[in-house]
Number of protein chains: 4
Amino acid sequence: MCNRELRDRYLAIRQFSETLLGPLQPEDCVVQSMPDVSPTRWHLAHTTWFFETFILKRYLSGYSPVDPSYEYLFNSYYNTVGEQFPRSRRGLLSRPTVREVCDYRQAVDERVVRLLDDPPQEIAEAAGVLEVGLHHEQQHQELMLTDIKHVFSCNPQNPAYRRGKPPHADSAPQLRFQRYDEGLQQIGHAGQGFAFDNELPKHRVFLESYQLADRLVTCGEFLEFIDDGGYKRPELWLSAGWAEVQSQGWQAPLYWQRQEGDWHQFTLNGLRPVVAAEPVCHVSYFEADAYARWAGVRLPTEAEWEITAVGEQIEGNFVESEALHPRPAGEDSGIRQLYGDVWEWTSSPYTAYPGYAATEGALGEYNGKFMCNQLVLRGGSCATSQSHIRPTYRNFFPPEARWQFTGIRLAK
Amino acid sequence: MCNRELRDRYLAIRQFSETLLGPLQPEDCVVQSMPDVSPTRWHLAHTTWFFETFILKRYLSGYSPVDPSYEYLFNSYYNTVGEQFPRSRRGLLSRPTVREVCDYRQAVDERVVRLLDDPPQEIAEAAGVLEVGLHHEQQHQELMLTDIKHVFSCNPQNPAYRRGKPPHADSAPQLRFQRYDEGLQQIGHAGQGFAFDNELPKHRVFLESYQLADRLVTCGEFLEFIDDGGYKRPELWLSAGWAEVQSQGWQAPLYWQRQEGDWHQFTLNGLRPVVAAEPVCHVSYFEADAYARWAGVRLPTEAEWEITAVGEQIEGNFVESEALHPRPAGEDSGIRQLYGDVWEWTSSPYTAYPGYAATEGALGEYNGKFMCNQLVLRGGSCATSQSHIRPTYRNFFPPEARWQFTGIRLAK
Amino acid sequence: MCNRELRDRYLAIRQFSETLLGPLQPEDCVVQSMPDVSPTRWHLAHTTWFFETFILKRYLSGYSPVDPSYEYLFNSYYNTVGEQFPRSRRGLLSRPTVREVCDYRQAVDERVVRLLDDPPQEIAEAAGVLEVGLHHEQQHQELMLTDIKHVFSCNPQNPAYRRGKPPHADSAPQLRFQRYDEGLQQIGHAGQGFAFDNELPKHRVFLESYQLADRLVTCGEFLEFIDDGGYKRPELWLSAGWAEVQSQGWQAPLYWQRQEGDWHQFTLNGLRPVVAAEPVCHVSYFEADAYARWAGVRLPTEAEWEITAVGEQIEGNFVESEALHPRPAGEDSGIRQLYGDVWEWTSSPYTAYPGYAATEGALGEYNGKFMCNQLVLRGGSCATSQSHIRPTYRNFFPPEARWQFTGIRLAK
Amino acid sequence: MCNRELRDRYLAIRQFSETLLGPLQPEDCVVQSMPDVSPTRWHLAHTTWFFETFILKRYLSGYSPVDPSYEYLFNSYYNTVGEQFPRSRRGLLSRPTVREVCDYRQAVDERVVRLLDDPPQEIAEAAGVLEVGLHHEQQHQELMLTDIKHVFSCNPQNPAYRRGKPPHADSAPQLRFQRYDEGLQQIGHAGQGFAFDNELPKHRVFLESYQLADRLVTCGEFLEFIDDGGYKRPELWLSAGWAEVQSQGWQAPLYWQRQEGDWHQFTLNGLRPVVAAEPVCHVSYFEADAYARWAGVRLPTEAEWEITAVGEQIEGNFVESEALHPRPAGEDSGIRQLYGDVWEWTSSPYTAYPGYAATEGALGEYNGKFMCNQLVLRGGSCATSQSHIRPTYRNFFPPEARWQFTGIRLAK
């Protein structure tokens, strides 16, 4: 990619963050509704800090920071860079304001563009880091949406991020399992193109024959699980999952609530009825696993998912479509809804691939140090950018997490 | 007070809340930095809810609420009125925005003025409730300041509410104890004038002879306590106080921090050096009690304070002076700094006076139900309005509270 | 008291602790069922530590401790003596065993007797401390019973400390209020006889006229409160009490449980039906206060209680009677059940009397440092020793405590 | 195995539990020093409950339970059987006493023997369940030791379970890595012999070539890690591990403490100096992983371990040797210390093997429901019975667990 293309791509992705900011009031950008959630202002500033820290400070000679306190305030978890303002206290900060954060963004963007227009010797290295920064920004764009959804859901007024129509679908097509043969396969990233270090190296795995559902589990199907006492039967749950059901009082996916007997769900478009044909969303790994056990099947491994997905078209309901909701499965045959609706829980704990080596330096903290007590999710959601996704992409969350757009694909 | 006077007073006090809002950004008005703190927006809306609930809904015929959801969102603790949005979650709400809250204020104010201009039959009763509402608003004006101070103190950037100069004072006058004789005395409110129900009835108490310090304890004196190991010597502390020192890691008053060997304190004017001659502020009852024990004396009872204060002029460094900081004692003789610098911890637990009866109805929840595990404070602080204070006024906080403008007067 | 009398009294009181140990198995003596509860072994050792620390180490020349580790293990809260093994971890210790603790007791007792038989010069001082130690032992005898009751109550097998018959009483006599005139009175201890420092000095208080109930509130009366929704009506409760009701799920006094529609209570004799005529027991201050408010009256102050009780006979259902349960009121007229049934909550926060001075030295930590967030109780319970009680005695517990034998007398 | 052999084996294993009880006092058998620990009495009763519930109630016609309350009290986590007394409250029970539990054991043993002497029709099925019960008892024998070690470690008196001499070893042999080639391998249990359901089925895995250390990491080597700031360098730790280091204040393996500058460790023989040549023990997965990263290598996968171990002799320092401590590596060449010293952390999350199916019925809750947020450990420790171990055995604990005999073998 030439510098000009890189600059345009940089500006476009940076601009998209501010597009997402559009519908929000300054007050909305302050709240941290739980420790996992970060305020919108923080996302906007942290992604900027990323470019300032890893690009400008390294490659722009004589660079002087926009505000020295930002190094501490907007460092997320890079111990190599320095101390961090505690994550759980991000919601206690009202300054810098939204406007000041936007000024920070502009100041950094100007300097990055200047750097690209007048590239230093290490431009190849810098371009690689910049690419990481852009994927990082896209990850935080998704988090801006999932986090503001959680924030708004705490308000009994049910504020909407945006007004839109719910998708219509009378029914989902019959679920079918596609069969795949056993064999020694290869998964992981190789070749050109961007990938995070956790997708490397490409390596051999032996897979028994397996079957994969041709679409996602729907809300209607999940309602059957609820109505069959799914949340009251410990035999369906992992032990840690059952503990969570009881301590948290789970009775349905996150954002579902009964109103006068009918199930509604809170969405970025406000509160609206649950639509049976839509993919179920905002379920934890525990719920996905319990559902699969109830259905007499199981969740796929990440290798099964990747081998299946590798030839398929990466298209779907990505965030650029402005739908911000997983779409019901269409009538086409084949494996559907692999990309762009919900992140699909796999049964694979998030671990290092054989031969994995973390990136050198601070960016080595990006992925590797989280390889514990998390599960891999695949596919990308309706809040993900299309240019951010690929078949080898490994997302990961702890088994109790529900505030991401996470759903269920079955295997057996 | 005639209706016109009441209207003017109403508008003036209501306006002062918005004056206090002046220096803040919308983002500042969202944060709840600990459960005791409420966001600025909440204070502005809750005081408005008070007039809407107890005046407009009762006395304005055909009144229709500005927004039905506000009844739940902005009810603080009146079970008689209905359910309340949980106090500890006030910081999770970003809506209504500051602007929407100001619109709410204006809508209610217009209707209250209309009511006063065209008074109903029960105007005498309504005027009494309105008077409670105005004192209530003044209490929340003080809380707006103490709460935003706490919010700003959580930000490593040390934002200032307002820029101002620290008071100058080379030294405090020598502390002297004034002596008062034993005798059967009367305390509590009687006669015209406003008072909360907890100041009633006037009643007899027998006091042994006592001595009261003629000024407040200074920062310089408190530094001697610190330097003498005050925070490390359990024998100086109540058992519960010592537990708090250890679990919270107290080493100085709230908002004090060492910078390169010198003590600084965070104020509404930003961070600045501790001034030896100023009254010590932001100490808990536990610290006040430990200081007194270290000094070989004790704290006064509320009866001792009231008997002493009853004839003194109510003047001082009240919030209208815009100082927002307790002033050093002047050189005049007599009992100084009784009013308008810091709330003075007394050794009296907050209990009902003999013959106390809570107000009928929802307003009976205002004071009486908090008569447990709190101590009485007297005098009013530099964040209090002068028209809000009187000798019989009983403020109360739990012994560990430090975020109010609280200080120490000694007795023996 | 001559040394011989003192020796006999010492041995009798020490022996009574071991009498109370009688019905227990070694396993019973280990458990700490909540932080407030101490294991039986700990009580037996701590009271012994008291004599070793404050008598033997001070007055027996050349004394060498039985086991040096006991100084740390069995110090309760005397910072002046040294560090303490953390209170909340007492239940983690299995050693020293019951037998070893009894050996410790015997070793200390032998030396104390030797000291009394061959008294040192400071015998008068030592006798005073010994007297404190004996009252201290009697306090812990009561705690042994209240604590093992709590321990056993956690076991679904409902073990009994002792088998006994419940008291029979068809009904309680009609409750009547006795009237007392206003006046300047005196309360507090003076003269010979033993008293703790917190009962000093005798001092004047002015009392308005008051009325005191001639008997305790019964279980039958308290059931009416429950049946009238007492635990579901926030307007009856102090704010902190209502928070406790909700967070703890209180629906009845501690140890009450419904079995097939009927209320039972767990007692030291095992589980048995609630008897309507018995005094209600194991209620917190919050419940006592809410009951009084429901009944349209109030709780007495400690001064009202003491003035009333001072001339009455100190007799009742004390622990030596082996009843271990409050007795129903008899048919005699006058003020009944003042002593020996339940500790009676007063509305008086536990504070220093005017002129109070804590004992010098470590024993000054006995009472004074707890004067915060506690309420005074009067009268002594069926688990108290008769020789331990007097009209000026001030017991104190936090308002949420329920595991003591605490009940309700009304006033107005 | 014929019934007589089975009976003898049953009696021998059951007897061994009581042998382990030998050195303990009744008081020792009550304490639960943390939620993971169970009181000795509970282990003795629960293993008996297992035989009563799954053998006697099913296969002994007309069986009447020894005590109906035990079904609830001693059910660990079998929801299929019924409700369970809460795990975290096991230490609140003092009854049944040790003696009563031993009576319970005897009563059940007599009936099991009677059943085996007069076998029912379903004897083959019953024998299978009995075999599970015996391995279950052996697991709890190990837990009795690890749990009492933790209990004793909470006592500042450092009680010893048994007095014994520490092993002598001047130095450990040079650590060497053995190399193994890549290839498609098989792991998991097949054929006769006992195995838990989680070892099934035998299945293919592809392994890259790997190297495995020929002995365990020693205390001396681990001290180098400590001295090199291992516990202070976040870059060495998984993110969740670093959080644990900070919140728990870890500075060394569990049970290590400095005394006058020298490292000591608390053992079942009491407190004694750390011996450099011994395998390091009582480290969490987080510490094992951080150590490996510091050493520039990694932990093995469970497949690597099993492929390596499958041909090796199962002999070592098992509990029957009475050493109760991992032994230093000997001078023989080859892979050493695979069995019977410490459980070896692998990097493999505990998940289902491909094709795994949980046992039908309540025993299906034995293993499968714990397949979340745990890591596999291999090899067996000095507290394990030799007859309990085999190459395919999969032990599992959460990554923060340290109270088991867990250590480190390196791979690369």
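It should be noted that the structure appears before, not after, this text.
Overview of the structure. (Residues numbered from 1 in each chain as written. Chains lettered and ligands numbered in written order. Predicted model: local features only at pLDDT ≥ 70, side-chain atom pairs only at ≥ 80, totals over all residues. Heavy atoms only, no water.)

### With respect to the packing of helix α6 (residues 219-227) of chain C against helix α8 (residues 285-294) of chain C
Residues and elements named next belong to chain C.
In step 1: Running from N to C, α6 and α8 cross one another at 80 degrees; their axes reach a closest spacing of 11 Å. Classified by the angle their axes make, α6 and α8 are roughly perpendicular. Contacts from Glu221, Phe222, Glu224 and Phe225 in α6 reach Glu287, Ala290, Tyr291 and Trp294 in α8.
In step 2: Along the lines of polarity and charge, the residues of the contact of α6 with α8 split into five nonpolar, no polar and three charged. (Axes fitted to C-alpha atoms, helices over the stretch in contact; angles between N-to-C directions. Helix = DSSP H or I, 4+ residues; strand = E, 2+ residues; numbered from the N terminus. Parallel < 35°, antiparallel > 145°, perpendicular 65-115°, else oblique. Contact = heavy atoms within 4.5 Å. Nonpolar A, V, L, I, M, F, W, Y, C, P; charged D, E, K, R; others polar.)

### Looking at the nonpolar core
In step 1: With 227 residues, the main nonpolar core has Ile408(C) and Ile408(D) as its most contacted residues.
In step 2: Examining the composition of this core, we find that eleven residues originate from one element, helix α5 (residues 123-153) of chain D, more than from any other.
In step 3: Contacts of Ile408(C), omitting those with residues within four sequence positions, involve Leu216(C), Val217(C), Phe222(C), Val280(C), Val283(C), Ala288(C), Tyr291(C) and Leu299(C).
In step 4: Within the second largest apolar cluster, 225 residues are counted, among which are Met144(A), Ile148(B), Leu238(B) and Cys382(B). (Core = buried A, V, L, I, M, F, W, Y, C linked by side-chain atoms within 4.5 Å. Buried < 20%, exposed > 50% of the residue type's maximum accessible area, 1.4 Å probe, protein only.)

### Section: the sheet that holds strand β7 (residues 270-273) of chain B
Picture the strands of a sheet paired through backbone hydrogen bonds; they go either parallel or antiparallel.
Residue and element names in this part refer to chain B.
In step 1: The strand order across the open sheet formed by three strands is β5-β6-β7, and the pairing between neighbours is antiparallel. Because the sheet does not close on itself, it has two edges, and the strands there are β5 (256-259) and β7. Within the sheet, the average angular offset between the axes of one strand and its neighbour, ignoring direction, is 40 degrees.
In step 2: Where strand β6 (residues 262-267) meets β7, four bridges bridge the pair, whose relative direction is antiparallel. The residue bridging Thr267 from the neighbouring strand is Gly270, located in β7. (Pairing = 2+ DSSP bridges.)

### Topic: the relation of the copies chain B and chain A
In step 1: Once chain B is rotated about the relating axis by 180 degrees and shifted along it by 0.0 Å, it coincides with chain A to within an RMSD of 0.0 Å. Such a combination of rotation and displacement between the chain copies is what one expects of a two-fold axis. Among all residues of chain B, the one whose C-alpha sits closest to the rotation axis is Glu27(B), at a distance of 2.5 Å.
In step 2: By residue overlap, the copies meet face to face through one surface: 100% of the interface positions of chain B are interface positions in chain A. (Least-squares fit on C-alpha atoms with pLDDT ≥ 70 in both.)

Geometric descriptors of this kind do not, in isolation, establish any biological role.
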